[in-house]
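Working through the structure, step by step
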Amino acid sequence: RGAAWRVRVCDCEKKVVSVFPMSSHVLNRSHLLLSRSRSTVAAAAATASRHSAWQGTQAVPADPILGLVAAFKADAAPRKVNLAQGAFRTDEGLPLVLPSVVEAERRVSSALASGAIDKEYLPIEGDATFRTLSAKLIFGDESAALAEGRCATLQTLSGTGAVSVAAAALCRMAGARTIHVPDPSWGNHGHIFRSAGLEVQNYAYLDHRTGTTLDFDGMRAALSGLPRGSVVLLHACAHNPTGIDPSGEQWQELAELFAGRGLVALFDSAYQGYASGDLDADAASVRAFEAAGVLPVACQSYAKSLGLYGERIGAVNFVCASREEAEAVLSTVKQTIVRPAYSSPPLHGARLAAEVLGDAALFAQWRGELRGMANRVHRMRVLLADALRAEGAPSPDGGDWGHVVDQIGMFAYTGLSASHVDSLRERHHVYLTRDGRMSMAAMKPADIEYVARAVRSVLAE
């Protein structure tokens, strides 16, 4: 634009001007292309000279469960079913916010609006009221450890955070080098323990002859042979992924075995009240161990039982030999493990949980909601087993699909192989984890027959 611009272009780009002497838009485009070319060359040179600390990093595969969730969302099939993720859904397939939590939310919001509470940091160990109520929930009113002040409890980042803090404490403070984990176990357990510096070894749990039942004899034999002081992971109830738990008598036998051999019990309690609908029944294993004289470490999550998935609320409890030991453990875990990692836990979810656990009316309401959730999951088990029988689908364990009903908690360990699961996903758009774990908590009545037909189809291949 203007004589000065045209002269400048003529001096440096005579070929362009000679072809289009009067085309100003061509001149502008030529200048733009040259500018872009120079910028590209400059950027490439800068990148070549820049050193990145991450240049050798290779991408890792997606998490087996969360990767399936992402694949399900991307699946454009008109009929698809997600039974991979452990999250409760209504009969309509919708997430559920418990009414007791809605009321707790209202109360907390009201207190905040009135200025009665604020948004200041929690202490490193977490909300004091929540910690007291959480420990009481898992150990019960008759707990000697609670009565004598021998339990060090910290609020954590849900159950994953509880297990992580426990693992770090066992490694750094108790000198543990190895942890013994049931075969199979939740997929994240191994990652957590190895990240904490522990070697992971498996002990017998699932009876691989059936693929759907407990190998209690093998479990007892394996644990009986461990050195004194060995650390053992136990699922307090609703074993993930199998849904197969020891009986009450078997738990008692295990408690006596641990006490006699001086084994360290690390309980992961992710489903208290949600598994059977009974808070006390689902904590019976932990309480049996404490009563037998074992000093367990108990990890808790409120993601499933209170539906506080995204609030990340949990707790870890270290039962100790004395009040003084508990105080020393609490201070050491606080200052050497939690403070360097995340400093203090979330405030809002702890207030919600404390409101429900600490108010008699809300607590009673919550217990009823737990029974409702557990009953819905059990109903889905019965409906699926009936539909599989009606379809004539052969059960992988040679039975009549009774294991789907007999197992407990949100998952059914179907006995389907990885190839069966792949076919379900690829041909029928039904998503399970590749070990054959099916989320009964996510099953809808409207999907029962479709899933049963799909299972029969892949078993017939």
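Residues numbered from 1 in each chain as written. Predicted model: local features only at pLDDT ≥ 70, side-chain atom pairs only at ≥ 80, totals over all residues. Heavy atoms only, no water.

Okay, the overall build of the chain next. Helix and strand counts for the chain come out as 19 helices and 13 strands. For the chain, restricting intrachain contacts to residue pairs at least 6 apart in sequence, the fraction spanning at least 24 positions comes to 74%. Total accessible area on the chain stands at roughly 21,500 Å², and carbon and sulfur atoms take up 55% of it. (Helix = DSSP H or I, 4+ residues; strand = E, 2+ residues; numbered from the N terminus. Contact = heavy atoms within 4.5 Å. Areas by Shrake-Rupley, 256 points an atom, 1.4 Å probe, with all protein chains shown as cover.)

A few words now on the packing of helix 11 (residues 248-261) against helix 13 (residues 284-291). When two helices pack together, their arrangement is given by the angle between the helix axes and the distance between those axes. Closest axis-to-axis distance for the helix 11/helix 13 pair is 9 Å, and the angle between their directions is 35°. Judged by the twist between their axes, the crossing of helix 11 over helix 13 is right-handed. Between helix 11 and helix 13, the contacting residues are Trp251, Gln252, Leu254, Ala255 and Phe258 on the first element and Ser285, Ala288 and Phe289 on the second. (Axes fitted to C-alpha atoms, helices over the stretch in contact; angles between N-to-C directions. Left-handed = near helix turned anticlockwise from the far one by under 90°.)

Below, the discussion takes up helix 8 (residues 158-172). An α-helix turns once per 3.6 residues; consequently, residues spaced three or four apart project the same way. For helix 8, which comprises 15 residues, the first-to-last C-alpha distance of 21 Å matches the rise-based estimate of 21 Å (1.5 Å per residue) to within 8%. Taken together, the buried positions of helix 8 are Ser158, Gly159, Gly161, Ala162, Val163, Val165, Ala166, Ala167, Ala168, Ala169, Leu170 and Cys171. (Expected span 1.5 Å × (residues − 1). Buried < 20%, exposed > 50% of the residue type's maximum accessible area, 1.4 Å probe, protein only.)

The next point concerns the pattern of salt bridges. With the rule as written, the count across this model stands at 23 salt bridges. The salt bridge involving aspartate 280 is made with arginine 367; its shortest N-O contact spans 3.5 Å. Note that aspartate 280 is positioned in helix 12 (residues 279-282) and arginine 367 in helix 16 (residues 360-391), a separation of 87 residues in sequence. Given a relative accessible area of 39%, aspartate 280 falls into the partly exposed group. In this structure arginine 367 comes out as partly exposed when scored by relative accessible area, which is 27%. Each of Glu103, Arg106, Arg107, Glu355 and Asp359 takes part in salt bridges that share partners, so that together they form one network. (Salt bridge = Lys/Arg side-chain N within 4 Å of Asp/Glu carboxyl O.)

Next up on the list: the side chain of lysine 304. Assignment of secondary structure puts lysine 304 in the loop between strand 9 (297-301) and strand 10 (313-319). One buried charge, lysine 304, has no salt-bridge partner; the nearest side chain with opposite charge is aspartate 268, at 9.1 Å. Residues in contact with lysine 304, not counting those within four places in the same chain, are Gly86, Ala270, Tyr271, Tyr274, Tyr309, Met373 and Met410. (Lys, Arg positive; Asp, Glu negative; His and termini not counted.)

Chain-level pLDDT for the chain is 92 on average; 89% of the residues reach the 70-or-more range. Note on residues 1-23: pLDDT under 50 across the span, and 14 contacts to partners over four residues away in sequence or across chains. (pLDDT = per-residue confidence, 0-100.)

What characterises a pair of aromatic rings is the spacing of the ring centres plus the angle enclosed by the ring planes. Across all of its chains, the model carries nine aromatic pairs by this definition. Each ring, one from phenylalanine 72 and one from tyrosine 431, has its centre 5.4 Å from the other, and the planes form 85°; the classification is edge-to-face. With phenylalanine 72 in helix 4 (residues 64-74) and tyrosine 431 in strand 12 (residues 430-431), this residue pair connects regions lying 359 residues apart in the sequence. Exposure class is identical for phenylalanine 72 and tyrosine 431. Each is buried. Summarising the aromatic geometry, the rings of phenylalanine 130 and tyrosine 302 are spaced 5.5 Å apart at their centres and angled 70° between planes, so their arrangement reads as edge-to-face. (Phe/Tyr/Trp six-rings, centres within 6.5 Å; stacked < 30°, edge-to-face > 60°.)

Moving on, we come to the sheet that holds strand 8 (residues 264-269). Read from one edge of the open sheet, seven strands run 2-10-9-8-7-3-4, paired in mixed fashion. Each edge of the open sheet is held by one strand with a lone partner, namely strand 2 (151-157) and strand 4 (199-204). For this sheet, the mean inter-axis angle between neighbouring strands, taken without regard to orientation, is 25°. Judged from the five bridges that link them, strand 7 (residues 231-235) and strand 8 form a sheet pairing that is parallel. Bridge assignment links valine 232 to a residue of strand 8, and that residue is alanine 265. Here helix 6 (residues 128-139) sits on the sheet in contact with strand 2, strand 8, strand 9 and strand 10, set at roughly 70° to strand 10. Each of strand 2 and strand 10 touches helix 14 (residues 323-341); the most contacted strand, strand 2, lies at about 25° to it. (Pairing = 2+ DSSP bridges.)

What follows is about the pairing of strand 2. With respect to burial, strand 2 is a largely interior element, six of its seven residues being buried. Pairing of strand 2 with strand 10 involves seven bridges; the strand directions are antiparallel. Paired with leucine 154 across the bridge in strand 10 is valine 316.

Turning next to the environment of alanine 174. As for its position among the elements, alanine 174 is in the loop between helix 8 and strand 3 (178-183). Judged by relative accessible area, alanine 174 falls into the exposed class, the value being 56%. In this structure the C-alpha to C-alpha distance between alanine 174 and valine 231, which are 57 residues apart in sequence, comes to 10.0 Å.

Attention shifts here to unusual backbone geometry. A cis amide bond links aspartate 183 with the next residue in sequence, proline 184, at an omega value of 5°. Within the element layout of this structure, proline 184 appears in the loop between strand 3 and helix 9 (187-195). A cis amide bond links asparagine 240 to the next residue, proline 241, at an omega of 25°. Tracing the sequence through the fold places proline 241 in the loop between strand 7 and helix 11.

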